[in-house]
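Here's the letter readout for the chains.
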Protein chains: 2
Amino acid sequence: MSKSADIAMPVVRRLPRYYRFLLELEKSGVSRISSRELADKMGLTASQIRQDLNCFGGFGQQGYGYIVAQLREEIGRILGLDRAAGAVLIGAGNIGTAIAKQLVFSQGSLSLCGIFDKAPSVIGRRLVGLRVQGMDELDAFCAEQQPQVGILCVPDAAANEVVSQLMAHGVRAFWNFTHYDVALHFPGTVVENVHLEDSLMTLRYRLCRLSSEEQESEQAPF
Amino acid sequence: MSKSADIAMPVVRRLPRYYRFLLELEKSGVSRISSRELADKMGLTASQIRQDLNCFGGFGQQGYGYIVAQLREEIGRILGLDRAAGAVLIGAGNIGTAIAKQLVFSQGSLSLCGIFDKAPSVIGRRLVGLRVQGMDELDAFCAEQQPQVGILCVPDAAANEVVSQLMAHGVRAFWNFTHYDVALHFPGTVVENVHLEDSLMTLRYRLCRLSSEEQESEQAPF
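The rules we used
- Per chain, residues are indexed from 1 in the order of the written sequence.
- All chains are assigned letters beginning at A, and all ligands numbers beginning at 1, according to the order in which they are written.
- Local features in this predicted model are restricted to residues whose pLDDT is 70 or higher, and side-chain atom pairs enter the listing and the counts only when it is 80 or higher, whereas totals over whole chains, interfaces and linings include all residues.
- The basis for every side-chain value is the complete set of heavy atoms in the structure, and neither hydrogens nor water enter the calculation.
- The copies are overlaid by a least-squares fit using only the C-alpha atoms of residues whose pLDDT is at least 70 in both copies.
- Any two strands between which DSSP finds at least two bridges are classified as paired.
- Secondary structure is summarised from DSSP: a helix means a run of H or I of at least four residues, a strand means a run of E of at least two, and numbering begins at the N terminus for each.
- Note on definitions: a residue-residue contact is assigned when non-hydrogen atoms from the two residues lie within 4.5 Å.
- Fitted lines through C-alpha atoms give the axes, limited to the stretch in contact for helices. The angle between two N-to-C directions lies from 0 to 180 degrees.
- Take a side-chain nitrogen of Lys or Arg and a carboxyl oxygen of Asp or Glu: if they are within 4 Å of each other, that pair is a salt bridge.
- Classification of residues uses two cut-offs on accessible area relative to the type maximum, computed with a 1.4 Å probe and protein chains only: under 20% is buried, over 50% is exposed, and between them is partly exposed.
- When two rings of Phe, Tyr or Trp (its six-membered ring) have centres within 6.5 Å they constitute a pair, described as stacked for plane angles under 30 degrees, edge-to-face for angles over 60, and tilted for the intermediate range.
- Throughout, the arc means the angular range of directions from the helix axis out to the C-beta atoms.
- Two parts placed together each lose some accessible area; with a 1.4 Å probe, that loss summed over both constitutes the buried area.

Draft legend 1. Region of interest: the relation of the copies chain B and chain A. With an axial shift of 0.0 Å and an RMSD of 0.0 Å, the rotation relating chain B to chain A amounts to 180°. Both copies are brought into coincidence by an operation consistent with a two-fold rotation axis. In terms of proximity to the rotation axis, the leading residue of chain B is Ala98(B), whose C-alpha is 3.1 Å off the axis.

Listed below in structure tokens is the structure:
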């Protein structure tokens, strides 16, 4: 585990993808795979895979390949998937509701222990087996349950206050669906942003370019 | 517009963020801003902002700053937000439903014209004013409506078939919520992936590292 302390973030960001691929292979009964085969399946080069996996000890032997189950388990351990972490979800709107339901199916990396909202029409509803609680219940809940992760599905304008409140209870990790820049305003936090609208705007841009390239090539002389 | 053909992808990926910030400024009545002020608000350096915005013509004048509305409009134009693009959403489950509802509130960059699912229990339901249609209606719908974007909210195993079907109708841009690697299997497509589970696993990793760093510093001698 000590070696994983030094893994560069770009490699870290590839680990979930390795994990998913290896899990699929394991499920379909593959017990051993070469870096070349894994590379073909993942659209990477064999040398990039070897380089990535070397970062944390390099399993795999020349001419033998990787033992799928062992490698998947080790990556899972590095990602921390073998330890439970409690999470509270704030904001049970469209996205919050979808995320709560999705978490039930996820690889068990987070255990959702509380859902909060400020809308009286939502408070008291049941969602994935939990009662949606009011924001006035958040402090007492955090003091008792000590969640480690905050999932932010509130409107942008509410994010600052929610983060302050959660940080007062020791929450330092945020899965952020708002546009509020948590890491900028709260140094010392770890934040993964899911910016749906930005991703959509980028797609929009790339679609425009694709269309104009096609028009250009149609107009090009033979 | 011609200059924007050469914008590097890392810059493109920052444009939505500029767009959002400028829109906020515009809404709050700010008409002009210096690169330094914008940098402070966005957690960037003034020189990075000048460099980014120079990529597509560089508005802003030394000592005068940027005209907020003008810059916001130009970025919107570059992103293609001034043109409508029709989208079909496939898979009206948890995420699909949330995305459909979210699109209604988005900056108008996509116009959702059809929602499809294969589950009889879902077909016929109304969602954001549209009737969820069966997959057997997709071909006829695409032939008539000619959507440009496919939003993939289906299970991973169904993605290949859905993409093939949409591509046969000229859809080349995909907003992909599955783990299926569209770009790898279908060259010539533009794909924006939203990998919720990968983002969560990365957060899990960073939380682990944060906790072990804290333990290490607690154990460190004074």
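Draft legend 2. Representation of the sheet that holds strand 7 (residues 149-152) of chain B. Residues and elements named next belong to chain B. The seven strands are arranged 5-6-4-3-7-8-9 in an open sheet whose pairing can be described as mixed. Each having just a single partner strand, strand 5 (126-127) and strand 9 (190-193) make up the two edges of the open sheet. Across the face of the sheet, helix 6 (residues 138-145) comes into contact with strand 3 (86-90), strand 4 (111-117) and strand 6 (130-134) while running at roughly 165° to strand 4.

Draft legend 3. Region of interest: the pattern of salt bridges. Within the structure shown, the criterion is met by 18 salt bridges over all chains. Of the charged contacts, one joins Arg17(B) and Asp181(A) as a salt bridge, the two residues approaching to 3.0 Å between their closest N and O atoms. Of the two residues, Arg17(B) sits in helix 1 (residues 9-27) while Asp181(A) sits in the loop between strand 8 (173-176) and helix 8 (182-185), which places them in two different chains. Residue Arg17(B) is classed as buried on the basis of its relative accessible area of 18%. For Asp181(A), a relative accessible area of 22% gives the class partly exposed. Asp198(A) serves as the salt-bridge partner of Arg20(B), at 2.7 Å between the closest nitrogen and oxygen. Of the two residues, Arg20(B) sits in helix 1 while Asp198(A) sits in helix 9 (residues 196-219), which places them in two different chains.

Draft legend 4. A look at the side chain of Thr202(B). Secondary-structure assignment places Thr202(B) in helix 9 (residues 196-219). Apart from the residues lying within four places of it in its own chain, the contact partners of Thr202(B) are Met9(A), Val12(A), Arg13(A), Pro16(A) and Glu192(A).

Draft legend 5. Looking closely at the packing of aromatic side chains. With the rule as written, the count across this model stands at four aromatic pairs over all chains. With centroids separated by 5.2 Å and ring planes inclined at 70°, the aromatic side chains of Phe116(A) and Phe141(A) adopt a geometry described as edge-to-face. With a gap of 25 residues between them, Phe116(A) in strand 4 (residues 111-117) and Phe141(A) in helix 6 (residues 138-145) connect regions that are remote in the sequence. Taken individually, Phe116(A) and Phe141(A) each receive the classification buried, so the pair is uniform in this respect. Centre to centre, the rings of Trp175(B) and Phe177(B) are 5.0 Å apart; their planes meet at 70°, and the pair counts as edge-to-face. Across the pair, exposure class does not vary: Trp175(B) and Phe177(B) are buried alike.

Draft legend 6. Just helix 2 (residues 35-42) of chain A, in detail. Burial in helix 2 of chain A covers these residues: Ser35(A), Leu38(A), Ala39(A) and Met42(A). Along the axis of helix 2 of chain A, the buried residues cluster in a sector spanning 105°; they form a single face. Pointing more than 90 degrees away from the buried face of helix 2 of chain A are the exposed residues Arg36(A) and Asp40(A). As for helix 2 of chain A, its buried residues are in contact with helix 1 (9-27), strand 1 (32-33), helix 3 (46-54) and strand 2 (66-67) of chain A together with helix 8 (182-185) of chain B. Looking at the residues trailing helix 2 of chain A, positive phi occurs at Gly43(A), about 70°.

Draft legend 7. Structural context of the interface of chain B and chain A. Chain B puts 66 residues into the contact, and the matching count from chain A is 66 residues. With both sides pooled, the region where chain B packs onto chain A buries about 5,800 Å², and carbon together with sulfur makes up 64% of that total. When the area that chain B buries against chain A is broken down by residue, the three leading residues are Met201(B), Arg204(B) and Tyr205(B), summing to 13%. Counting the contacts that link chain B with chain A gives six salt bridges. Those elements that provide at least two residues to the side of chain B that touches chain A are helix 1, helix 2 (35-42), helix 4 (68-79), helix 5 (94-105), strand 8 (173-176), strand 9 and helix 9 of chain B. At 17 residues, helix 9 of chain B tops the list of elements feeding residues into the side of chain B that touches chain A.

Draft legend 8. Broad picture of the environment of Gly96(B). All names here are of chain B. As for its placement among the helices and strands, glycine 96 is situated in helix 5. Note on glycine 96: relative accessible area 1%, which makes it buried. Sequence separation between glycine 96 and valine 154 is 58 residues; the distance between their C-alpha atoms is 8.1 Å. Setting aside residues up to four positions removed in sequence, glycine 96 forms contacts with Leu89, Gly91 and Cys153.

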